[in-house]
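Each chain, letter by letter, is given below.
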Amino acid sequence: HYFIQSNLSVALSMTSLQIIGAGLGRTGTTSLREALEELGYSPCHHMDETFATQEHLNHLWKEIYRSRFEETCHDDSKNYYLDNLLKMVFRGYVATVDCPGYMFYDKFMQWNPEAKVILTVWDSPDQYVRSVQNTFFWGNREKSWVKRSFWKMVEFFTMPSHVYWIIEYIKKLHGVDPTHPATDLALKYTDWIDKVTSTVPPEKLLIFNVRDGWVPLCEFLGVDVPDRPFPKRNSSKEKNDAVKRISIGIASKKAVKLSAVLIVIVSAVIIGRKFSFKFP
């Protein structure tokens, strides 16, 4: 942990946030991010950032999880450690939306008391369920243990390590495994809405459906309404295509590493036999 501990002093402040997104992933957060950036709230943090500009920070997500849910340090320093890890990831952003930022909306409010909070929602819980079942939480609709086990094995070889730790954080935060068929995703969705609406002052909160477009968003932010259509991004198909591209890239890298290891092992065996080395 030397790198992390030696850099905590540069991440003691994170007061740049003006907009805090508290909505779950797959609730129009990609469209909202583009809209906010068009309105001047840039840069805006989104899960996509972890694959683009923040790859050098992705190793911190394991530490963020451990510092929150495991006994990695004394109680009196645990929150300090977690807070500074988060500040290292999110410092410099004007806005946050989507996962993983939504999980820390309450901390962001403490650090940025003048910031406004946007809670993105669907028309109904069922729409949310269909969206996440068709993308991230496909396992929730898969009843066959055999099929789920197979695709879990595929995920093991294709999932980026930071995504694994973020999903583990989601499980702990919500108290359920959203990838398991026994989990009621509609209840998870409504419970989260209830939590946010009960902890954010009404004057600082916008409950926002991206289908409503520019007007409620701009009125809430006190800015002019742009003379162009509201962004519509990241359909289930677009998200799945993006995930496939990332997964194929990661699987290819792991395959190359595995091939290199196998080549070394085979070469060692061949050389050993050639020179009559005895292996235990």
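Structure: above.
Residues numbered from 1 in each chain as written. Predicted model: local features only at pLDDT ≥ 70, side-chain atom pairs only at ≥ 80, totals over all residues. Heavy atoms only, no water.

Asker: Would you mind going over the overall build of the protein chain in detail, with residue names and values included?
Answerer: A count of helices and strands for the protein chain gives 11 helices and 5 strands. Within the protein chain, the fraction of its 280 residues that count as buried is 45%. Of the contacts made within the protein chain by residues no fewer than 6 positions apart, 77% connect residues no fewer than 24 positions apart. Element-wise, carbon and sulfur atoms account for 58% of the exposed surface of the protein chain, whose accessible area totals about 15,400 Å². (Helix = DSSP H or I, 4+ residues; strand = E, 2+ residues; numbered from the N terminus. Buried < 20%, exposed > 50% of the residue type's maximum accessible area, 1.4 Å probe, protein only. Contact = heavy atoms within 4.5 Å. Areas by Shrake-Rupley, 256 points an atom, 1.4 Å probe, with all protein chains shown as cover.)

Asker: Describe in detail unusual backbone geometry, supporting the description with residues and values.
Answerer: That bond from Ser 42 to Pro 43 is cis: its omega, 5°, falls within 30 degrees of zero. Following the sequence through the fold, Pro 43 ends up in the loop between helix 2 (29–38) and strand 2 (44–45). Residue Cys 99 is joined to Pro 100 through a cis peptide bond whose omega torsion reads 10°. Among the secondary structure elements, Pro 100 is positioned in the loop between strand 3 (95–96) and helix 5 (105–111). In this model, Arg 26 sits at a positive phi of 65°, which is unusual for a non-glycine residue. Along the chain, Arg 26 falls in the loop between strand 1 (19–21) and helix 2. Of note in the backbone geometry, Asp 98 takes a positive phi value of approximately 70° without being a glycine. Tracing the backbone through its elements, the reader meets Asp 98 in the loop between strand 3 and helix 5.

Asker: Tell me about the packing of aromatic side chains, and name the residues and values.
Answerer: What characterises a pair of aromatic rings is the spacing of the ring centres plus the angle enclosed by the ring planes. With the rule as written, the count across this model stands at 16 aromatic pairs. Between Tyr 65 and Phe 69 the ring centres are 5.3 Å apart and the planes differ by 50°, which places this aromatic pair in the tilted class. Linking Tyr 65 with Phe 69, this pair stays in helix 3 (residues 60–69), spanning 4 residues, or about one helical turn. Classification of Phe 69 by relative accessible area gives partly exposed; the value is 23%. For the ring pair Phe 90 and Phe 108, a centre distance of 5.0 Å and an interplane angle of 65° mean the geometry is edge-to-face. A residue pair is termed long-range when its members are at least 10 positions apart, and Phe 90 in helix 4 (residues 75–90) and Phe 108 in helix 5 qualify at 18 residues. Taking relative accessible area as the criterion, Phe 90 reaches 0% and is therefore assigned buried. Judged by its relative accessible area of 0%, Phe 108 falls in the buried class. Ring-pair connections join several aromatic residues into one group, and the members of that group are Trp 61, Tyr 65, Phe 69, Phe 90, Phe 104, Phe 108, Trp 111, Tyr 164, Trp 165 and Tyr 169. Positioned above the aromatic ring of Trp 111 is the side chain of Lys 87, whose terminal nitrogen or guanidinium carbon lies 4.7 Å from the ring centre. Here the basic side chain of Lys 116 rests over the ring of Phe 220, its NZ or CZ set 5.2 Å away from the ring centre. (Phe/Tyr/Trp six-rings, centres within 6.5 Å; stacked < 30°, edge-to-face > 60°. Lys NZ or Arg CZ within 6 Å of the ring centre and 35° of its normal.)

Asker: Run through the sheet that holds strand 1, naming residues and quoting values.
Answerer: Across a sheet, paired strands are connected by hydrogen bonds in the backbone, their directions being either parallel or antiparallel. On the basis of which strands lie adjacent, the open sheet formed by 5 strands has the order 2-3-1-4-5 and parallel pairing. Lying at the two open borders of the sheet, with one neighbouring strand each, are strand 2 and strand 5 (205–208). Of the pairings in the sheet, the one linking strand 4 (residues 116–120) to strand 5 comprises 4 bridges and is parallel in character. When the sheet's bridge partners are listed, Val 117 is paired in strand 5 with Leu 205. Packing against the sheet, helix 9 (residues 185–199) makes contact with strand 4 and strand 5, and its axis sits at approximately 160° to strand 4. (Pairing = 2+ DSSP bridges. Axes fitted to C-alpha atoms, helices over the stretch in contact; angles between N-to-C directions.)

Asker: Which residues make up the pairing of strand 4, and what values go with them?
Answerer: Of all 5 residues in strand 4, 4 are buried; the element is thus mostly enclosed. Both strand 1 and strand 4 contribute to a ladder of 3 bridges, which runs parallel. Each residue of the ladder has a partner; that of Ile 20, found in strand 4, is Val 117.

Asker: I'd like a description of the pattern of salt bridges, backed by residues and values.
Answerer: The full count for this structure, using the stated rule, is 9 salt bridges. Between Arg 66 and Glu 63 there is a salt bridge; the shortest N-O distance is 3.6 Å. Taken together, the positions of Arg 66 and Glu 63, both in helix 3 and 3 residues apart, correspond to about one turn of that helix. Notably, a salt bridge pairs Asp 177 with Lys 171, separated by 3.9 Å at the nearest N-O pair. According to the relative accessible area criterion, Asp 177 is partly exposed, its value standing at 24%. Among the charged side chains, a salt-bridge network with shared partners connects Glu 63, Arg 66 and Glu 70. (Salt bridge = Lys/Arg side-chain N within 4 Å of Asp/Glu carboxyl O.)

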